[in-house]
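Structural features, examined
Listed below, chain by chain, are the residues.
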Amino acid sequence: MRRLLLSIGATLASAWAVPVSAGPLTYEQAVRLAAANAPSLKARAAATAGARSSAVAADRLPDPTLDLGLQNFPVSGPNAGSFTRDDFTMATIGFSQTFPNLAKRHARAARAAADIGIAEAGELVEGRNVRLETALAWVDLYYGERRLRQLDLLDASLDDLQKTVTARLASGSARPSQALEPDQLRAAIADRRAEMAAVVAQARARLARYTGDPDPQATGDPPILDVDPIRLRAGIDALPAVRAQDARIAVAEADVRLARADKRSDWKVGVTYGRRDPMYGDMASVGVSIDLPMFAGKRQNPRIAASESLVQGGRFDREAIRRELVAQLDADLADHAMHLSRLRNARETLVPLARRRAELDRDSYAAGKLDLGTALLSTLALAEAEVETLNREADVARDAVRINITYGEERP
């Protein structure tokens with residue numbers, strides 16, 4: 001029996017050192033696959049392409065206009081209803097072209113460029129979200145499968161334990177109630193395994209969502225990421241969320257330029273040719289139309305003021321976003337430091353103490369000084385400590401992934 005309990009402890013220690021790696025996706029492969037296959041990223045890329053296409057025509061002149069008409073057709077008097085009796089009656093054909101003022105055309109080009117900036121910023125934000133969710137799903141799947149493997153090995157060891165208890169009952173060296181203790185331990189392990197299986201299934205579903213792999217498996221080693229608070233704080237202004245707000249400010253500033261351009265006159269030039277009866281001769285006309293923004297105080301100026309207010313509000317929003325990111329980074333760094341401390345405590349104190357207690361209880365059981373149930377509980381406590389250490393290692397890995405992807409420098 002003593003050898004059996006020692007073998008259970010050795011099995012737990014070996015499970016801690018050997019990760020499960022039955023799947024095809026390493027961490028880097030999963031992130032790259034998600035970047036290539038995520039539908040949301042393709043949608044953002046299409047939106048960016050659309051914004052670039054629209055910008056081509058932003059500052060172009062509007063299309064010319066073809067004008068067809070019939071002028072001075074008599075509807076009363078002696079010449080009523082005749083196309084030829086009145087020398088003013090003619091069929092006309094003409095072309096006209098509008099020339100928006102140059103400031104307006106430049107403002108429209110700036111507005112189109114700002115729209116491209118918004119689309120590109122949205123693509124960056126979505127790309128970062130996809131990478132983050134994929135990375136976290138891979139980490140959850142990796143550590144979930146390791147914990148499942150550890151529980152499976154412990155559960156398999158109970159078969160030998162059941163045989164030993166049965167033999168001791170037959171020899172009269174164990175109480176009848178002790179025959180129930182292996183089943184009770186197996187039921188406790190089954191509960192933990194059911195919880196962990198659900199975690200693994202959820203992580204696999206999330207990973208499949210982004211990678212497109214219907215049954216992804218985590219393989220290889222987890223990422224080893226250094227967290228550099230100084231570098232992360234220095235890069236706050238380059239984060240996609242801030243860049244997206246900068247793009248929105250650029251749109252508002254372009255709207256201000258458009259509103260101001262409305263105070264300048266647009267031009268329209270038209271040419272018309274009139275066909276009359278040959279006895280009277282044809283006629284041609286040339287005309288110029290000029291907008292007269294004479295009531296700027298009630299028309300253009302309010303729109304300018306409204307656009308300027310939006311710019312000011314956008315700048316305040318940017319500062320709010322930046323402060324929020326700084327606060328979130330500080331909070332995440334504090335959590336990371338706490339999780340690192342908890343992991344060190346588990347590795348250096350909790351697991352060694354649980355292992356030592358299990359060894360002492362096994363020795364006491366072998367010497368007849370301790371009942372089987374207490375010895376088994378110590379073994380289960382060691383298993384719990386090992387699983388909890390994996391939980392804490394997963395927390396540290398999740399922190400490093402989240403911090404580096406959320407606040408790290410944007411990759412091309």
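As a starting point, this report considers the structure included with it. Bear in mind the structure is a predicted one, so any value in this text is a computation, not a measurement.

A word on empty space enclosed by the protein. For the coordinates displayed, the defined rule picks out one cavity of 30 Å³ or more. Of the pockets and cavities examined, the largest cavity occupies roughly 50 Å³. Taken together, Leu151, Leu154, Ile189, Arg192, Leu380, Ala383, Glu384 and Val387 make up the full set of residues lining the largest cavity. Elements supplying a minimum of two residues to the lining of the largest cavity: α4 (102-171), α5 (181-211) and α9 (372-407). With four residues, α9 is the largest single contributor of residues to the lining of the largest cavity. Here the residues of the lining of the largest cavity sort into six nonpolar, no polar and two charged.

What follows is about the environment of Leu136. You can see Leu136 is positioned in helix α4. Residue class for Leu136 comes out buried when judged on its relative accessible area of 5%. Placed 266 residues apart in sequence, Leu136 and Arg402 show a C-alpha to C-alpha distance of 7.5 Å. Leaving out residues up to four positions away in the same chain, Leu136 has contacts with Arg206, Arg398, Val401 and Arg402.

Mapping Asp213 onto the fold places it in the loop between α5 and α6 (229-234). Of the side chains bearing the opposite charge, Arg204 lies closest to the buried Asp213, which forms no salt bridge; the N-O distance is 8.1 Å. Polar contacts involving the side chain of Asp213 include one to the main-chain amide nitrogen of Asp215, which spans 3.0 Å. In this structure Asp213 touches Pro24, Leu25 and Ala208, once residues within four positions along its chain are discounted.

Okay, the sheet that holds strand β4 (residues 283-290) next. Strands sit in the order β1-β2-β3-β4 across an open sheet of four strands; the sheet is antiparallel. With one partner strand each, in any of the chains shown, β1 (65-71) and β4 form the two edges of the open sheet. Each strand axis lies, on average, 20 degrees off the axis of its neighbour in the sheet, ignoring direction. The pairing of strand β2 (residues 90-99) with strand β3 (residues 267-275) spans nine bridges and is classified as antiparallel. Within β3, the position partnered with Thr98 by the bridge is Lys268.

Its 18 residues place the ends of helix α3 (residues 39-56) 26 Å apart at the C-alpha level, agreeing with the 26 Å of an ideal helix rising 1.5 Å per residue. For α3, every residue scored as buried is listed here: Leu41, Thr48 and Ala51. The arc that holds the buried residues of α3, viewed along the axis, is 80 degrees, so those residues lie on one side. Residues of α3 that are exposed and angled more than 90 degrees away from the buried face: Pro39, Lys42, Ser53, Ser54 and Val56.

Cut-offs and rules
- Along each chain, numbering runs from 1 in the same order as the chain's sequence is written.
- Side-chain atom pairs in this predicted model are given and counted only at pLDDT of 80 or more, local residue features only at pLDDT of at least 70, and totals for whole chains, interfaces and linings cover all residues.
- Note: side-chain values were computed over all heavy atoms of the structure, leaving out hydrogens and water.
- With a 1 Å grid spanning the protein atoms alone, the term cavity applies to any set of points in which a 1.4 Å probe fits but cannot get out, the term pocket to an open set with protein on both sides within 12 Å along at least five of seven lines, and the term lining residue to any residue with an atom within 4 Å of a point.
- Grid points are joined across faces, edges and corners, and a volume is the space filled by probe spheres set on the points.
- Runs of H or I in DSSP of at least four residues are treated as helices and runs of E of at least two as strands, each being numbered from the N terminus.
- Residues were grouped as follows: Ala, Val, Leu, Ile, Met, Phe, Trp, Tyr, Cys and Pro as nonpolar; Asp, Glu, Lys and Arg as charged; and all remaining residues, including Gly, as polar.
- The buried label goes to any residue with under 20% of its type's maximum accessible area, the exposed label to any with over 50%, and the partly exposed label to all in between, with areas taken from a 1.4 Å probe on protein chains only.
- In what follows, residue pairs with any heavy atoms lying within 4.5 Å of each other are defined as contacts.
- Two residue types count as positive, namely Lys and Arg, and two as negative, namely Asp and Glu; His and chain ends fall outside the count.
- Salt bridges are identified by distance alone: a Lys or Arg side-chain nitrogen within 4 Å of an Asp or Glu carboxyl oxygen.
- What qualifies as a polar contact is a pair of N or O atoms within 3.5 Å, subject to a donor-acceptor requirement within protein and to the restriction that residues adjacent in sequence count only when both atoms come from side chains.
- Two strands are said to pair when DSSP picks up at least two bridges between them.
- The axes used here are C-alpha line fits, helices contributing only the stretch in contact, and every angle between their N-to-C directions lies in the interval 0 to 180 degrees.
- Expected helix span is given by 1.5 Å per residue-to-residue step, counting one fewer step than there are residues.
- Working note: the arc is built from the helix axis to C-beta atom directions.

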